[in-house]
Amino acid sequence: IEPGKLWHVEVQPKVPARAKKYYQVDFVVQVAVNDNSFDIPIPVMITVKRRIAASPASVYFSRRDTEGLGQPGATPASKKVKIASSDPDHPSKITRVEVQGTEFEYEIETIEEGKEYNVVLLLRRVPRGGPGRIVEKVIVRTDDPEVREIRFNAMASVGRSAESASGGDPLPAEPSVKKGN
């Protein structure tokens with residue numbers, strides 16, 4: 001090794017099939033300088049991606065996103081979560097979406113069959129309980145044998161401006177429309 005020289009070390013670790021989300025591989029590089037030789041340990045942290053991933057990992061509707069709720073003809077607040085396969089040899093489909101709660105609805109957009117979808121979460125009205133915070137779990141089920149489900153949270157903060165836009169009372173409950181199943 002000469003002073004001022006830069007060395008690039010290329011590694012190709014073998015990650016176990018059932019590795020956790022984060023995996024560490026420790027490499028040892030033997031270096032010889034003049035008549036001395038020594039080992040340099042190089043820990044490499046690896047993030048193991050699932051075959052199917054959700055991005056973002058959760059969605060949040062701010063008060064600004066929800067301020068128009070309750071106004072006649074208002075557009076629903078919406079956020080998208082991309083569900084994409086990272087393995088071209090294993091296409092998968094969304095088989096079902098479950099929202100564990102009563103406030104959020106969803107639609108499924110197919111971007112590329114078997115590869116990429118958007119789960120569009122919709123908040124159409126002021127929550128039944130009035131202004132406040134909403135947290136509901138969303139479960140996306142797939143036909144992939146290794147990634148049967150993807151879970152994420154849908155959250156919203158609904159302020160008084162949305163309530164006052166509806167005359168001070170939460171809007172009456174509408175029949176829940178869940179598209180995509």
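Small disclaimer: the values here were computed from a predicted structure and weren't measured.

Quick look at the packing of aromatic side chains
Using the criterion set out here, one finds 1 aromatic pair in the structure. Judged by centre distance (5.4 Å) and plane angle (35 degrees), the ring pair of Phe61 and Phe104 falls under tilted. Placement of the pair is Phe61 in strand β4 (residues 59-61) and Phe104 in the loop between β6 (94-100) and β7 (105-112), with a sequence separation of 43 residues. Residue Phe61 shares its accessibility class with Phe104, and that shared class is buried.

Some words on a nonpolar patch on the surface
There is a patch of nonpolar side chains on the surface, built from Phe38, Ile40 and Ile42 and spanning about 220 Å² of accessible area. Relative to the assigned elements, Ile40 resides in strand β2 (residues 36-47).

Comments concerning the sheet that holds strand β8 (residues 116-123)
The 4 strands lie next to each other as β3-β5-β8-β7, forming an open sheet whose pairing is antiparallel. If you trace the sheet from one side to the other, it starts and ends with β3 (52-55) and β7, each paired once. Within this sheet the neighbouring strands show an average axis-to-axis angle of 20 degrees, counted without direction. Sheet topology note: the β3/strand β5 (residues 77-85) ladder contains 4 bridges and is antiparallel.

Re the sheet that holds β4
Here 4 strands make up an open sheet; going across it, the order is β4-β10-β9-β6 and the pairing mixed. A strand with exactly one partner marks an edge of an open sheet, and here the two such strands are β4 and β6. Neighbouring strand axes in the sheet, compared pairwise and without regard to direction, differ in orientation by 20 degrees on average.

With respect to the nonpolar core
As a rule of thumb, soluble globular proteins bury nonpolar side chains together. Counting 26 residues, the largest nonpolar core has Ile83, Phe104, Leu121, Leu123, Val138 and Val140 as the members making the most contacts within it. Elements represented by at least two residues in this core include exactly β4, β5, β6, β8, β9 (132-142) and β10 (149-158). No other element matches β10, which puts 5 residues into this core. Among residues more than four places away in sequence, those in contact with Val138 are Val97, Glu98, Val99, Leu121, Ile150, Arg151, Phe152 and Ala154.

Details of the environment of Thr110
Its location among the elements puts Thr110 in strand β7. Residues Thr110 and Ile94 lie 16 residues apart in sequence; the distance between their C-alpha atoms is 9.5 Å. The contacts of Thr110, once residues within four sequence positions are left out, are Glu116 and Tyr117.

Details of unusual backbone geometry
Here the amide bond leading from Ser55 into Pro56 is cis, since omega sits at 0 degrees, within 30 degrees of zero. Summarising the element assignment, Pro56 is placed in the loop between β3 and β4.

A look at the side chain of Glu105
Take Glu105: it is sitting in strand β7. For Glu105, a relative accessible area of 5% gives the class buried.

Looking at the pattern of salt bridges
The full count for this structure, using the stated rule, is 12 salt bridges. Glu98 is the salt-bridge partner of Arg96, the closest N and O atoms lying 2.3 Å from each other. For Glu103, the salt bridge is made with Arg125, and the minimal N-O distance between the two is 2.8 Å. In this pair, Glu103 is assigned in the loop between β6 and β7 and Arg125 in the loop between β8 and β9, connecting sequence segments 22 residues apart. Overall, the relative accessible area of 10% leaves Glu103 in the buried class. By sharing partners, the salt bridges in this structure join Arg96, Glu98, Arg141, Glu149 and Arg151 into a single network.

Focus on the pairing of β9
Within a regular strand, side chains alternate between the sheet's two faces. One ladder, built from 6 bridges, connects β6 with β9; its direction is antiparallel. Looking across to β9, one finds that Val99 is bridged to Val138. Two elements, β9 and β10, share 10 bridges in a ladder whose sense is antiparallel. Bridge pairing in β10 links Val135 to Met155. Here β9 hands over to β10 after 6 residues, the two strands then running antiparallel side by side.

Rules behind the numbers
Residues numbered from 1 in each chain as written. Predicted model: local features only at pLDDT ≥ 70, side-chain atom pairs only at ≥ 80, totals over all residues. Heavy atoms only, no water. Phe/Tyr/Trp six-rings, centres within 6.5 Å; stacked < 30°, edge-to-face > 60°. Helix = DSSP H or I, 4+ residues; strand = E, 2+ residues; numbered from the N terminus. Buried < 20%, exposed > 50% of the residue type's maximum accessible area, 1.4 Å probe, protein only. Patch = residues over 30% accessible without salt bridge, like charges linked within 9 Å, V, L, I, M, F, W, Y side chains within 5 Å. Areas by Shrake-Rupley, 256 points an atom, 1.4 Å probe, with all protein chains shown as cover. Salt bridge = Lys/Arg side-chain N within 4 Å of Asp/Glu carboxyl O. Pairing = 2+ DSSP bridges. Axes fitted to C-alpha atoms, helices over the stretch in contact; angles between N-to-C directions. Core = buried A, V, L, I, M, F, W, Y, C linked by side-chain atoms within 4.5 Å. Contact = heavy atoms within 4.5 Å.

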